[in-house]
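An overview of the molecular structure
Listed below, chain by chain, are the residues.
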Amino acid sequence: MTEKNMTCIICPMGCSIIVKMEGQEIKEISGNTCKRGAAYAESEIRHPERTLTTTMRCEDGRMLSVKTDRPIPKARLMDCMERINSHVAALPVSIGDILMKDVFGSNIVATENKGQEGR
C-alpha cells in the first residue's frame, strides 16, 4: 500500500491529508476535518485540475493579465500556455472578455482592462 500526502486547499485550515492507495484504488483518506477535504483529495488523485493565471501579449506589445474561467486538467497546463503564447489580444479589452474559446474545456478571459485609455 502506498501513501500520498497533500495539503488541502479548499479552506484556510490547510489540513494535512493522507491518501492510502493500493495500485490505482483509494483505500483510505485521513487527516481531513471535513467532507470537502476528502472530496478534494479524491479529486486531486483521480483528476487534478488547476486554474491557470498568466499573461498574453496584446497587439501593441504590452502584456495583459489573463486566466482560465474554469479549472483545466493539470496535465494540460503547458499545452494551454503554448496556445496562449501564440495568441495576440486585440485591443481594447475589458475584464471578463473572452479572448480564446474552448481551450481544454475552459475559456481564456481578461483579468484587467487594457487599451481603453482616453475613452
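To keep things clear, this report deals only with the structure shown in the data block. Residue indices begin from 1 for each chain and proceed along its sequence in written order. Per-residue local features are limited, in this predicted model, to residues with pLDDT of at least 70; the limit for side-chain atom pairs, both in listing and counting, is 80 or more; totals at the level of whole chains, interfaces and linings are taken over all residues. Values shown for side chains rest on all heavy atoms present in the structure; no hydrogens or waters enter the calculation.

1. Let's talk about the pairing of strand 6 (residues 63-68)
Two faces make up the sheet, and in a regular strand the side chains alternate between them. For every residue, the accessible area (1.4 Å probe, protein chains only) is compared with the maximum for its type, and the residue is labelled buried under 20%, exposed over 50%, or partly exposed between those bounds. The helix count covers DSSP runs of H or I at least four residues long, the strand count covers runs of E at least two residues long, and both are numbered beginning at the N terminus. Across the two faces of strand 6 the burial differs, with Leu-64, Val-66 and Thr-68 buried and Met-63, Ser-65 and Lys-67 not buried at all. Strands pair, by our definition, only if DSSP identifies at least two bridges between them. Note that strand 5 (residues 53-58) and strand 6 share 5 bridges and pair antiparallel. Counterpart to Met-56 in the pairing with strand 6 is Leu-64. The loop that links strand 5 with its antiparallel partner strand 6 comprises 4 residues; one of these, Gly-61, has a positive phi angle of about 95°.

2. With respect to the pattern of salt bridges
We define a salt bridge as a side-chain nitrogen of Lys or Arg found within 4 Å of a carboxyl oxygen belonging to Asp or Glu. The full count for this structure, using the stated rule, is 7 salt bridges. Its salt-bridge partner being Glu-44, residue Arg-50 comes within 2.6 Å of it at the nearest N-O pair. What makes Glu-44 buried here is its relative accessible area of 16%. The closest approach of N and O atoms between Arg-62 and Asp-60, which form a salt bridge, is 2.7 Å. Exposure remark for Arg-62: the relative accessible area of 32% places this residue in the partly exposed category. For Asp-60, a relative accessible area of 42% puts it in the partly exposed group.

3. Side note on the nonpolar core
Residues Met-56, Leu-64, Cys-80, Ile-84, Leu-99 and Ile-108 are the most contacted members of the largest nonpolar core, which totals 18 residues. Of all elements in the fold, only strand 5, strand 6, helix 2 (77-85), strand 9 (98-103) and strand 10 (106-110) reach the threshold of two or more residues within this core. It is helix 2 that contributes the most residues to this core, 4 residues altogether. Setting aside chain neighbours within four positions, we find Ile-84 in contact with Leu-52, Thr-54, Thr-55, Met-56, Met-100 and Ile-108. Nonpolar cores were defined as sets of buried Ala, Val, Leu, Ile, Met, Phe, Trp, Tyr and Cys residues, with membership established by side-chain atoms within 4.5 Å. Met-6, Cys-15, Ile-17 and Met-21 belong to the second-largest nonpolar core, a separate cluster that totals 9 residues. Residues count as neighbours in contact if any of their non-hydrogen atoms are within 4.5 Å of one another.

4. What about the packing of aromatic side chains?
Aromatic pairing here means that ring centres of Phe, Tyr or Trp (its six-membered ring) are within 6.5 Å. Orientation follows from the plane angle: under 30 degrees is stacked, over 60 is edge-to-face, and everything else is tilted. Taken as a whole and judged by the stated rule, the model has 0 aromatic pairs. Over a ring means this: the NZ of a Lys or the CZ of an Arg is within 6 Å of the ring centre and within 35 degrees of the ring normal. Seen from the ring of Phe-104, Arg-83 lies directly overhead, with NZ or CZ sitting 4.5 Å from the centre.

5. Quick look at the side chain of Thr-54
Mapped onto the elements, Thr-54 comes out in strand 5. Excluding residues that lie within four positions of it along the chain, Thr-54 makes contacts with Leu-64, Ser-65, Val-66, Met-81 and Ile-84.

6. Quick look at helix 1 (residues 35-46)
To estimate the expected span of a helix, subtract one from its residue number and multiply by 1.5 Å. With 12 residues, helix 1 ought to run about 16 Å at 1.5 Å a step, and its terminal C-alpha atoms sit 17 Å apart, in line with that. Within the sequence span of helix 1, burial applies to Gly-37, Tyr-40, Ala-41 and Glu-44. The buried residues of helix 1 occupy one face: seen down the axis, they fall within an arc of 95°. Across helix 1 from its buried face, at more than 90 degrees, point the exposed residues Lys-35 and Arg-46. In this structure, the buried side of helix 1 is in contact with strand 1 (2-7), strand 2 (16-22), strand 3 (25-30) and strand 4 (49-50). What the arc measures is the spread of directions leading from the helix axis to the C-beta atoms.

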